[in-house]
Amino acid sequence: MSTSPATEASQQPDRIREEDITRAKDLVGFYYATTQREHFATATPDVLRNFARGYGDDNPLYTDAEYGAGTRWGAQIAAPMTGVAVNEALRADPLPADRRRPSFRGIHVFVSGSSWEWFRPVFPGDRLHTFQGFENVEVKASEFAGRSVIITRRHVRMNQRGEVVSIARVIAIHTDREKAKKTGKYDEIKPATYTPEDIAEIDEIYAAEGPRGDKPRYWEDVHVGDSLGKMVKGPLTGTDLILFHAGGYGFTPYAPSAARLGYQNRKRIPAFYVNNAQGVPDVVQRVHWDTEWAQSIGVPMAYDYGVLRDCWLSHYLTDWMGDDAWLLRQSSQMRKFNYIGDTHIFTGEIVGKRQDGPRRVVDVELRGTSQRGEVTCPATATIALPSRDAGPVPLPQVPEDIARTATEIYTRHNQLGRAH
């Protein structure tokens, strides 16, 4: 079969365009409403359960409505990272031409780290909306892919009452495809293999894991130097990635689609599609499950999403802290790829214990270490714990400027809704 002009164009080596860099820098500090929905628009009990289970989290606080009713929250609540899968489109005025985001089409994007702050729970029935903007844009030389553009985006999520529930900062590295596949940086990395004895050792860790649940972990009982124990994730399989997608992640903004919808999407964004070995246009996102395509851009195997490891990090923390605590913030770096077949052991320890306003908090350093002995995702976190002296954990306050912007954007959303 012959290829269409659009398909042929998508096969050409792509480069970062100067006009995209200039536009990105011009947009620093400007917020815009997210007018695309995520895979889910409403946080139903099923959505909350399936998202958590999609990264291997069986905490009943996130997966069992009856259990949640007996906790301090009075209901099932969302796991911390659920906002990456739940978003209902906001109504907003059309952006002027000079405020439209750069396309960066045909460019590979790698998430190299993120930081999250959480302010209030997401309950069943909540609808989430997002506004976002560029916080920083940096152009630098990359060992992997020559010149790269590093963009820090801030994503603010609010509920159907305009109340901010979380703020996330995501660091994304934009690289030229053609340059990336020529470096050969990862040529020596080979797929992991396992003996039955290796799997038995991994299974022993799984067997010892579990959420703390309804037994409070009091601030007074925690000390600097305490270990948070051990958690395992892996060996990573294609099935793991399918389940993570089934939980709701990975559909926005490019909307990978099937059959006729896939055809329509290919016409909408042809640069997102590159022919596979059979000559079939397929999404470049398949780098996460198609090793042949991953190798064509200079990576030895398909690899995970950075967001998946963020979910694993938060799972490690929430299992340890129990139902009555609150994860205030988490910051991670994605320093190495996590390939199909890799196994990660998560460990951490308390490095600080202090009073933060009305809250009693502990600071944590944690990381995921692969079977190669590489720390691929170092992270830090701050957790508010219940106190025998101070009582239950009070939730944090949203920064005034963010709360004000949320009110303005959500008010305009409602105004435009009434107008129609």
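Residues numbered from 1 in each chain as written. Predicted model: local features only at pLDDT ≥ 70, side-chain atom pairs only at ≥ 80, totals over all residues. Heavy atoms only, no water.

- Going by what an unreviewed UniProt entry lists, the chain is known as Acyl dehydratase and is assigned to Amycolatopsis thermophila.

1. So, the side chain of Q285
Alright, step 1. Mapped onto the fold, Q285 is located in the loop between β10 (281–283) and α10 (291–296).
Alright, step 2. The exposure class assigned to Q285 is buried, which follows from its relative accessible area of 12%.
Alright, step 3. From its side chain, Q285 meets the backbone oxygen of G250 in a polar contact 3.0 Å long.
Alright, step 4. When neighbours within four sequence positions are excluded, Q285 is seen to be in contact with H245, G250, P256, F272 and Y305. (Helix = DSSP H or I, 4+ residues; strand = E, 2+ residues; numbered from the N terminus. Buried < 20%, exposed > 50% of the residue type's maximum accessible area, 1.4 Å probe, protein only. Polar contact = N/O pair within 3.5 Å; in protein donor to acceptor, adjacent residues only side chain to side chain. Contact = heavy atoms within 4.5 Å.)

2. A few points about the environment of S331
Alright, step 1. Mapped onto the secondary structure, S331 falls in strand β11 (residues 326–333).
Alright, step 2. Looking at S331, the relative accessible area reads 31%, which means it is partly exposed.
Alright, step 3. Not counting residues within four places of it along the chain, the set of residues in contact with S331 comprises S114, S115, P378, A379 and T380.

3. Focus: the pattern of salt bridges
Alright, step 1. Inspection of every chain in the model, using the stated rule, returns 17 salt bridges.
Alright, step 2. A salt bridge links D20 to R17; the nearest nitrogen and oxygen atoms lie 3.1 Å apart.
Alright, step 3. Residue classification places D20 among the buried positions, given a relative accessible area of 5%.
Alright, step 4. Where R412 meets D93, a salt bridge forms, and the shortest distance between an N and an O atom there is 2.8 Å. With R412 in helix α12 (residues 400–419) and D93 in the loop between α5 (65–69) and β3 (108–118), this pair connects stretches of sequence that are 319 residues apart.
Alright, step 5. When its relative accessible area of 39% is taken as the criterion, D93 is described as partly exposed.
Alright, step 6. Shared partners join several salt bridges into a network, and the residues in it are E117, E135, R154 and R169. (Salt bridge = Lys/Arg side-chain N within 4 Å of Asp/Glu carboxyl O.)

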